[in-house]
Amino acid sequence: MTKAPPGYKTRKQRAATGPTVRMKHTKVKTARGRKISSKLWLERQLNDPYVIEAGRQGYRSRAAFKLLELDGKFHFLKSGARVVDLGATPGGWSQVAAEIVLKGKNGKAGKVVALDIQAMEPLPDVTFLLQDFMDSDAPDNLKAALGGEADLVISDMAAKATGHTPTDHLRIMGLCETALQFAREVLATDGAFVAKVLQGGTEGDLLNAMKTDFKVVRHAKPPASRQDSAEMYVVATGFKGRTLGRLET
Ligand SMILES: C[S@@+](CC[C@H](N)C(=O)[O-])C[C@H]1O[C@@H](n2cnc3c(N)ncnc32)[C@H](O)[C@@H]1O
């Protein structure tokens, strides 16, 4: 279990407030061979309180705080839950999920199965599948690794940005829709689905489609999500279960 430093105490507090550490701005010198875009990226990383906090707490990515903040608001991560983490590399979300669900309650042991198209350094107690989620056998491989129904499917999948906003939007929405279809197949009744989407036109249709299957559907932009990014998250809780009528939707 990672330990919170002063100024960023309990999990609840982290979720409610984000990092509170005051920082000096670090400038990066332009080195020979370093592109201006790399210099700006490095400067942003060095001055990002979430990056610094992730390093302090042993999280592999600043994205860990997005999941913590979303969970602080919607409470979908539960001790003993069985979780599928899609687009898991480098592993921040898997770390957060494992930290919470593997603390088994009432003898119920939680499980985390993670998948990514890119390799991930192993994490204790997390089963990792190196595979493109869009491969036709990915859903079956995930189900086999899980060995039963899931209580939660989380997806932070994002295809590499092309810089062409409509294309990026459609690609991420395609991943999200496929993740939703998988969630419909694998979730236990009352399960939850959390996924990254990009604001840009079609996310409203997706939210409406989700309302058929889930009792509560919300969208949120956690404080750790950069303000200049179109990224946001859909959070659907209370899966209604698989019925014949809904299976075809
Ligand atoms: C923003 S990163 C995820 C960060 C992660 N949630 C964390 O906390 O460290 C997005 C990930 O989605 C993965 N990804 C994109 N397309 C994918 C696909 N078709 N199948 C599996 N993973 C995919 C990328 O390889 C990348 O690792």
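Structural data are supplied above this passage.
Bear in mind that the values here come from a model prediction, so they are computed numbers and not experimental data.

The rules we used
- Residues numbered from 1 in each chain as written.
- Predicted model: local features only at pLDDT ≥ 70, side-chain atom pairs only at ≥ 80, totals over all residues.
- Helix = DSSP H or I, 4+ residues; strand = E, 2+ residues; numbered from the N terminus.
- Buried ≥ 20, exposed ≤ 12 C-beta atoms within 10 Å, placed from the backbone.
- Contact = placed C-beta atoms within 7 Å.
- Near = placed C-beta within 6 Å.
- Core = buried A, V, L, I, M, F, W, Y, C linked by C-beta atoms within 7 Å.

S.K.: Give a detailed account of the overall build of the chain, specifying residues and quantitative values.
M.R.: Across its full length, the chain carries nine helices and seven strands. The buried share of the chain, reckoned over its 249 residues, is 35%. Contacts in the chain between residues at least 24 apart in sequence constitute 66% of all its contacts with a sequence separation of at least 6.

S.K.: Describe the site of the ligand, naming the residues involved and giving the relevant values.
M.R.: Residues in close proximity to the ligand total 23 residues, the closest being Ser61, Ala63, Gly87, Gly92 and Asp156. Going through the elements one at a time, helix H4 (63–74), helix H5 (92–101) and strand E2 (111–116) are the ones with two or more residues in the shell around the ligand.

S.K.: Just give me the short version of the nonpolar core, but keep the residues and values in it.
M.R.: Residues Val153, Ala179 and Phe193 are the most contacted members of the largest nonpolar core, which totals 58 residues. By residue number, the principal contributor to this core is helix H7 (residues 165–186), which donates eight residues. Excluding its chain neighbours within four sequence positions, the residues that come into contact with Ala179 are Leu86, Val153, Ser155, Met157 and Ala195.

S.K.: Hey, could you go over unusual backbone geometry for me, with residue numbers and the actual values?
M.R.: Residues Thr89 and Pro90 are joined by a peptide bond in cis, for which omega reads 10 degrees. Note on placement: Pro90 falls in the loop between strand E1 (82–86) and H5. The phi dihedral of His75 falls on the positive side, at around 55 degrees, and the residue is not glycine. Within the secondary structure, His75 is located in the loop between H4 and E1. For His75, a count of 11 C-beta atoms within 10 Å translates into the label exposed. Its identity as a non-glycine residue notwithstanding, Asp125 has a phi of 70 degrees, on the positive side. Examined against the element boundaries, Asp125 turns out to sit in the loop between E2 and strand E3 (126–130).

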